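Here is how the chains run, residue by residue.
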Amino acid sequence: MQKVYTKIESIVGNVITVRAEGVRNQDLVEVTTSQGTGYANVIKLDGDKVSLQVFKGGQGVSTGDSVRFLGVPMRVSYSEDLLGRVFDGAGKPRDNGPELEGNMIDIGGPSVNPSKRIMPKNMIRTGIPMIDVFNTLVESQKLPIFSVSGEPYNELLARIAMQSDVDIIVLGGMGLKYDDYLFFRNVLEKSGAMSRTIMFIHTASDPTVECTLVPDLALAVAERFALDGKRVLVLLTDMTNFCDAEKEMAITMDQVPSNRGYPGDLYSTLASRYEKAVDFEGAGSVTILGVTTMPGDDVTHPVPDNTGYITEGQYYLRGGHIEPFGSLSRLKQNVNKDTRSDHRSLMDAMIKLYAAYKDSLEKRSMGFMMTDWDEKLLKYGALFEEKLMDLSVNIPLEEALDEGWRILASCFEPNETGLRSDLIETYWPKEK
Amino acid sequence: MPSARGHVTGVNGNMVNVAFEGQVIKNEVGFISVGDTKLKSEIIRITDGIASLQVYEMTGGIKVGDDVEFTGELLSVELGPGLLTQVFDGLQNPLPELAEKCGFFLERGVYVDPLPDREWDFTPVKSVGDTVIAGDYFGTVPEGLFTHRIMVPFTLQGEWRIKSIAGKGLHRSHETVCTIENQRGDVKELSMIITQPVKVAIGGYEERLLPNEPMVTRIRVIDTFLPVAKGGTYCTPGPFGAGKTVLQHLTSKNADVDVVIIAACGERAGEVVEILKEFPELLDPRTGKSLMERTIIICNTSSMPVAAREASVYTAVTMAEYYRNMGLDVLLLADSTSRWAQAMREMSGRLEEIPGDEAFPAYLESRIAGFYERAGKVRLRDGSYGSVTIGGTVSPAGGNFEEPVTQATLKVVGAFHGLSRERSDARKYPAIDSLDSWSKYTGIIEKKKVDEAYSFLRRGNEVASMMKVVGEEGTSLDDYVIYQKGEFIDSVYLQQNSFDPVDAMVSVERQKLAFSVLYDILNSDFSFTDKKDVRAFFNELRQRFLDWNSTADDDPKAEERKKEVLSYFQERRK
């Protein structure tokens, strides 16, 4: 199976076709061009006509270049040696470290049997109050951060990577600006989190095909670590770039587009990635936090829309903070009953008051008279935004809850908060 | 007829082209050999001596020249005692057994017998010499809560005579319990298990009837305002996060039917896990047994192969029809039919068919209609009645109901429960938009009275939108009262508190009682001085009504709470 073919019949976009026999679907192929050796994989077979998707792109490929079928599907090396390393979308080192070739595992493996899944039950602590208190992240959850270009979503991901209490972080970057890649690397190295991080980075100038491979590589590695008992957090940024790369590939292959040019299988494509989030009974877990930038801040755009149907809630990142409204962790009720007795009630009460603050704010901006109650709410809102919503705040859940009580106490009388009397007795700050 | 063979000539995504020798049938099942594994697939097109197969597994590793064996049979399910309580994938592989065999992952090419070959207590009801036709039952076995009828396969043609039949006693499900012969001398050996093609509707009944009996869901807005009939169809479209799945789970728990089949089609695996962990522990109030005893789950979640997703809704409806033919009321809940339609779209794209709206195939509407038309209430040959009710969720792209799947579904269903983002954002549960939705069935309450209540809702809504423009000051007192009455219906009747054990599920009697009080309030004229007075009155009335709602019938306080409602508004009546 190591025969070399040197007659490429067509080159369209990133797809080339050769005539060859005995080739298996999705096998890996080595393509040697004047610019060096790269990889491709088999995406279509028609008689002896084999279509290959070239990772580095079709640019510069000559009809006389050589193609060698390797007889194995796309794989990635798996071992503890991955920790602290950075790879590109083809799985090649991006740092100066050695290439890893031992213990190769398949990517895009089969899905988990639903009857083997268990109810998610462990909280992931991130030190960010807007997540820990209001929309708790749960092990094995899949959650996107819905945002728009210009928002600090990569800063948020980096903070979560540094602060969360998981064993391993796998960062998948798709279409990242080179600056953003350097930002991630610098921040993680400085904080010391790099030693438990693996990065698969596709930057905006890299070939499109490699972008579509990043989630599969990241998740295949994450899944293995989870099976070995590790709690893994996979961070994917930005899934919209991934979908756009999929769109580009589909159109090159003459597929009929369904909605705004995206392929008809966009939902299945995204689902097969996000569904890799799992809690293995008796072993570790995979949690996925992705970034989905919404083109034009439009949540009905096919990418955020399909994502929303797949994931277990979403965080909205707007104006530099996680929105208390609209953001939702569908699994939070699985865990926030066991954290502290005041968690749920305090969360509800503070959100209700924050909603009232927004109304007062609107009233003020329209020039209405401010009542005493409005003034209290305005004070509360400002404190809430400063002490809890600001992304730079890094405090454990318990401290965040205490902070919440302090904010309430400095603005309101106990009976104005709508909290149960027994909770007020226990938690209302005594000193004043 | 010997089965045909062939070899692979091309692979494109999950579609494989095969050159064959001998005869093949469209929609016949074939197995592609890849190394040691055989991948199940179905012929979906035959052109110029090439059969196109959709593969129910991942197609990585298939190469040109791989052997293909055809079975000569259409894609089928096995029907027989032991289906209840099971969890299958879209091709009827029992998932827990697969897990025992393969561990955490769904390895491809592994197929497990859907029905265990266990012993059942067989009682014959026919004797040697009796004449039977397809769909007749010749014996019964007890299966959990029901008497399971052992039937003559639905695909047999003509009249058959029983040559021999097993006596009463324990028999294995795969063992021959009955031998039949037709006039031509063909002999068939029948076991307790029938193999039935999934895309062929099961007949074997006397006649189809109009669905006229309400299926009670214990959700007020459905039972009273937007009823569903046993044997009817309904759909629940809504944007993500509006609570489609929550609503279906509650219906699957509370519906007054005998058997519930849940088809989780292309949705999150986590949602199925909730059912799997929760149902065995919940008791069915009608039987006192675990809810799982009346449930079958077909689970082909979003990351499982797409072609099997397409098959899963047919697998589910075939099982539903099978239990219907035992004289049972069956509810099939499909979540979500949009994912099923998307599976059709993916295959259509691979076949390079000319696309219709949003790239869905041109036959989308007829397929959706064909699926929902398999619901119905029937009279069986022995005079008993059975029904299949189908409720499907729809996940419209962008939450926009104008898209092809929602529109095609609305044409063929009898009730439409549209969920709205505004209501779910405002935490109004259930988020069914009662003004947009409709039902063609008769519910538990007289149609005329429901229409009257509706008119208050509609006028209240009109006043509310007018008030947004002219403000409260610009609204007349009479209009304001109508507005408050509309809001009142919403808050005390349409909405339910899903966390309150009493209010979360409301019996028919209780709904009738509460509605009569509500009706009385709506039709009363009150004397008010100003709008503040109106608001205060309805706030207090609402509080009292909600307190009554959360008090159980057998609670000694129930009568008192009801009186508090009645006395409060009767005093203020003009």
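Conventions we followed
- Residues numbered from 1 in each chain as written.
- Chains lettered and ligands numbered in written order.
- Predicted model: local features only at pLDDT ≥ 70, side-chain atom pairs only at ≥ 80, totals over all residues.
- Helix = DSSP H or I, 4+ residues; strand = E, 2+ residues; numbered from the N terminus.
- Buried ≥ 20, exposed ≤ 12 C-beta atoms within 10 Å, placed from the backbone.
- Rg over C-alpha atoms; globule rule 2.2 N^0.38 Å.
- Contact = placed C-beta atoms within 7 Å.
- Nonpolar A, V, L, I, M, F, W, Y, C, P; charged D, E, K, R; others polar.
- Pairing = 2+ DSSP bridges.
- Axes fitted to C-alpha atoms, helices over the stretch in contact; angles between N-to-C directions.
- Parallel < 35°, antiparallel > 145°, perpendicular 65-115°, else oblique.
- Left-handed = near helix turned anticlockwise from the far one by under 90°.
- Domains from an automatic or database assignment.
- Core = buried A, V, L, I, M, F, W, Y, C linked by C-beta atoms within 7 Å.
- Expected span 1.5 Å × (residues − 1).
- pLDDT = per-residue confidence, 0-100.

**A few points about the overall build of chain A**
Next up, step 1: The helix and strand tally for chain A stands at twelve helices and 23 strands.
Next up, step 2: Over its C-alpha atoms, taken along the principal directions, chain A stretches across nearly 80 × 50 × 40 Å.
Next up, step 3: Here chain A, with 432 residues, has 51% of them falling under the buried criterion.

**Looking at the overall build of chain B**
Next up, step 1: Secondary structure assignment for chain B yields 14 helices and 26 strands.
Next up, step 2: For 574 residues, the compact-globule estimate of 2.2 N^0.38 gives 25 Å, and the C-alpha radius of gyration of chain B, at 27 Å, lies within 12% of that figure.
Next up, step 3: Its C-alpha atoms give chain B principal-axis dimensions of about 90 × 55 × 40 Å.
Next up, step 4: Residues counted as buried form 52% of the 574 residues belonging to chain B.
Next up, step 5: In chain B, of all internal contacts separated by at least 6 residues, the share reaching a separation of at least 24 is 68%.

**Overview of the interface of chain B and chain A**
Next up, step 1: Listed as interface residues are 46 residues of chain B and, on the opposing side, 44 residues of chain A.
Next up, step 2: Of all the secondary structure elements, the ones that give two or more residues to the side of chain B that touches chain A are β1 (5-12), α1 (95-102), α4 (269-278) and α6 (337-350) of chain B.
Next up, step 3: It is α4(B) that provides the largest number of residues to the side of chain B that touches chain A, a total of six residues.
Next up, step 4: Grouping the constituent residues of the side of chain B that touches chain A by class yields 22 nonpolar, 16 polar and eight charged.
Next up, step 5: In the sheet, strand β5 (residues 36-46) of chain A pairs with β1(B) via three bridges, with the strands oriented antiparallel. When the bridges of β1(B) are listed, Leu45(A) appears paired with Val11(B).

**Brief notes about the sheet that holds strand β15 (residues 178-181) of chain B**
Residues and elements named next belong to chain B.
Next up, step 1: Across the sheet, four strands lie side by side as β10-β13-β15-β16; this open sheet has antiparallel pairing. Single-partner strands in this sheet number two, and they are β10 (131-132) and β16 (187-190).
Next up, step 2: Of the pairings in the sheet, the one linking β15 to β16 comprises four bridges and is antiparallel in character. Residue Glu181 lies in a different strand from β16, and its bridge partner there is Val187.

**Quick notes on the environment of Trp428(A)**
Residue and element names in this part refer to chain A.
Next up, step 1: Mapped onto the secondary structure, Trp428 falls in the segment after α12 (421-427).
Next up, step 2: Considering only alpha carbons, one finds Trp428 and Thr293, 135 residues apart in sequence, at a separation of 40 Å.
Next up, step 3: Aside from chain neighbours lying at most four places away, what touches Trp428 is Trp405, Ala409 and Pro414.

**Some remarks on the packing of helix α13 (residues 531-549) of chain B against helix α14 (residues 557-572) of chain B**
Residue and element names in this part refer to chain B.
Next up, step 1: Two elements in contact, α13 and α14, have axes separated by 8 Å at closest approach and are oriented at 160°. One finds that α13 runs roughly antiparallel with respect to α14. Here α13 runs over α14; the crossing is left-handed. Contacts between α13 and α14 pair Phe537, Glu540, Leu541, Arg544, Phe545, Asp547 and Trp548 from the former with Arg561, Lys562, Glu564, Val565, Tyr568, Phe569 and Arg572 from the latter.
Next up, step 2: Class assignment for the residues of the contact of α13 with α14 results in seven nonpolar, no polar and seven charged.

**As for the domain arrangement of chain A**
Residues and elements named next belong to chain A.
Next up, step 1: Split into domains, chain A comes out as domain 1 (4-73), domain 2 (77-335) and domain 3 (343-427).
Next up, step 2: With eleven residues of domain 1 at the contact, the number on the domain 2 side is nine residues.
Next up, step 3: Grouping the amino acids of the side of domain 1 that touches domain 2 by side-chain chemistry returns six nonpolar, four polar and one charged.

**Here we look at the pairing of β5(A)**
All names here are of chain A.
Next up, step 1: Sheet topology places strand β4 (residues 27-33) next to β5; six bridges connect them, and they run antiparallel. The residue of β5 that forms the bridge with Val31 is Gly38.
Next up, step 2: The hairpin turn running from β4 into β5, its antiparallel successor, is two residues long.
Next up, step 3: In sequence, β5 turns back onto strand β6 (residues 49-54) through a hairpin of two residues, with Gly47 there showing a positive phi of about 60°.

**Concerning the pairing of strand β24 (residues 385-394) of chain B**
It is a general feature of regular strands that their side chains alternate between the two faces of the sheet.
Residue and element names in this part refer to chain B.
Next up, step 1: Summarising burial for β24: nine of the ten residues are buried, a large majority.
Next up, step 2: Relative to β24, strand β19 (residues 233-237) is paired through five bridges, and the arrangement is parallel. Each bridged residue has a counterpart across the sheet, and for Pro237 the counterpart in β24 is Val394.
Next up, step 3: Pairing between strand β22 (residues 329-335) and β24: six bridges, direction parallel. Across the sheet, residue Leu333 finds its bridge partner in β24, namely Gly391.
Next up, step 4: Counted between consecutive antiparallel strands, the loop separating strand β23 (residues 376-379) from β24 contains five residues, among which Gly383 sits at a positive phi close to 90°.

**Quick word on the nonpolar core**
Next up, step 1: Membership of the largest hydrophobic core comes to 277 residues, with the highest contact counts inside it found for Val234(A), Ile261(B), Ala263(B) and Leu332(B).
Next up, step 2: Not counting residues up to four positions away in its chain, the partners in contact with Ile261(B) are Ile296(B), Ile298(B), Ala316(B), Met319(B), Ala320(B), Val330(B) and Leu332(B).

**Comments concerning the domain arrangement of chain B**
Next up, step 1: By the assigned domains, chain B splits into domain 1 (5-74), domain 2 (116-192), domain 3 (207-439) and domain 4 (447-572).
Next up, step 2: Between domain 2 of chain B and domain 4 of chain B, the C-alpha centre-to-centre distance is 57 Å.

**Considerations on α13(B)**
Working note: α-helix, 3.6 residues per turn, so residues spaced by three or four point in the same direction.
Next up, step 1: With 19 residues, α13(B) extends 26 Å between its outermost C-alpha atoms, agreeing within 8% with the 27 Å of an ideal straight helix rising 1.5 Å per residue.
Next up, step 2: For α13(B), the secondary structure elements touched by its buried residues are α11 (477-494) and α14 of chain B.

**Details of the packing of helix α7 (residues 364-372) of chain B against helix α8 (residues 404-412) of chain B**
Describing two packed helices takes the angle between their axes plus the distance from one axis to the other.
All names here are of chain B.
Next up, step 1: For the pair α7 and α8, the least separation of the axes is 9 Å and the interaxial angle reads 45°. Between α7 and α8, the angle is such that the two are oblique. The handedness of the crossing between α7 and α8 comes out as right-handed. In this structure, α7 contributes Leu364, Glu365, Ile368, Ala369 and Tyr372 to the contact, and α8 contributes Pro404, Ala408, Thr409 and Val412.
Next up, step 2: Looking at side-chain class alone, the contact of α7 with α8 contains seven nonpolar, one polar and one charged residues.

**Quick look at the confidence of the model for chain B**
Any residue range with low pLDDT should be treated as having predicted coordinates unsuitable for detailed reading.
Next up, step 1: On average, residues of chain B score 92 in pLDDT, and 100% of them are at 70 or above.
Next up, step 2: The complex prediction reports pTM at 0.92, with the ipTM value standing at 0.87.

**Remarks on the sheet that holds strand β12 (residues 146-151) of chain B**
Residues and elements named next belong to chain B.
Next up, step 1: Strand order in the open sheet formed by four strands is β12-β11-β9-β14, with antiparallel pairing between adjacent strands. Every other strand in the sheet has two partners, leaving β12 and β14 (169-172) as the edge strands with one partner each. Adjacent strand axes in the sheet meet at a mean angle of 45°, parallel and antiparallel pairs treated alike.
Next up, step 2: Direction of pairing for strand β9 (residues 119-124) relative to β14: antiparallel, over a ladder of four bridges. In the sheet register, Phe122 faces β14, and the bridge partner there is Gly169.

**Description of unusual backbone geometry**
Next up, step 1: Between Thr237(A) and the following residue, Asp238(A), the backbone shows a cis peptide bond with an omega angle of 5°.
Next up, step 2: Look at the link from Tyr429(B) to Pro430(B): it is a cis peptide, with omega at -10°.
Next up, step 3: Following the sequence through the fold, Pro430(B) ends up in the loop between α9 (421-425) and β26 (438-439).
Next up, step 4: A positive phi is found at Gln26(A), a non-glycine position, where the angle reads about 70°.
Next up, step 5: Mapped onto the secondary structure, Gln26(A) falls in the loop between β3 (15-19) and β4.
Next up, step 6: Phi angles above zero are rare outside glycine, and Gln92(B) is one such case at about 70°.
Next up, step 7: Tracing the backbone through its elements, the reader meets Gln92(B) in the loop between β8 (87-88) and α1.
Next up, step 8: Under the C-beta neighbour-count criterion, Gln92(B) is labelled buried, with 27 such atoms within 10 Å.

**Details of the environment of His417(B)**
Residues and elements named next belong to chain B.
Next up, step 1: Mapped onto the elements of the fold, His417 is located in the loop between β25 (415-416) and α9.
Next up, step 2: Accessibility expressed as a C-beta count within 10 Å gives 29 for His417, which makes it buried.
Next up, step 3: Considering only alpha carbons, one finds His417 and Val450, 33 residues apart in sequence, at a separation of 16 Å.
Next up, step 4: In this structure His417 touches Ile222, Leu226, Tyr234, Thr236, Ile432 and Ser437, once residues within four positions along its chain are discounted.

**Some words on the environment of Tyr354(A)**
All names here are of chain A.
Next up, step 1: By the element assignment, Tyr354 lies in helix α9 (residues 343-365).
Next up, step 2: Take Tyr354: there are 19 C-beta atoms within 10 Å of it, and that puts it in the partly exposed class.
Next up, step 3: In this structure, the C-alpha to C-alpha distance between Tyr354 and Leu377, residues 23 residues apart in sequence, is 7.7 Å.
Next up, step 4: Once residues lying within four places of it in the same chain are set aside, the contact partners of Tyr354 are Pro324, Gly381 and Phe384.

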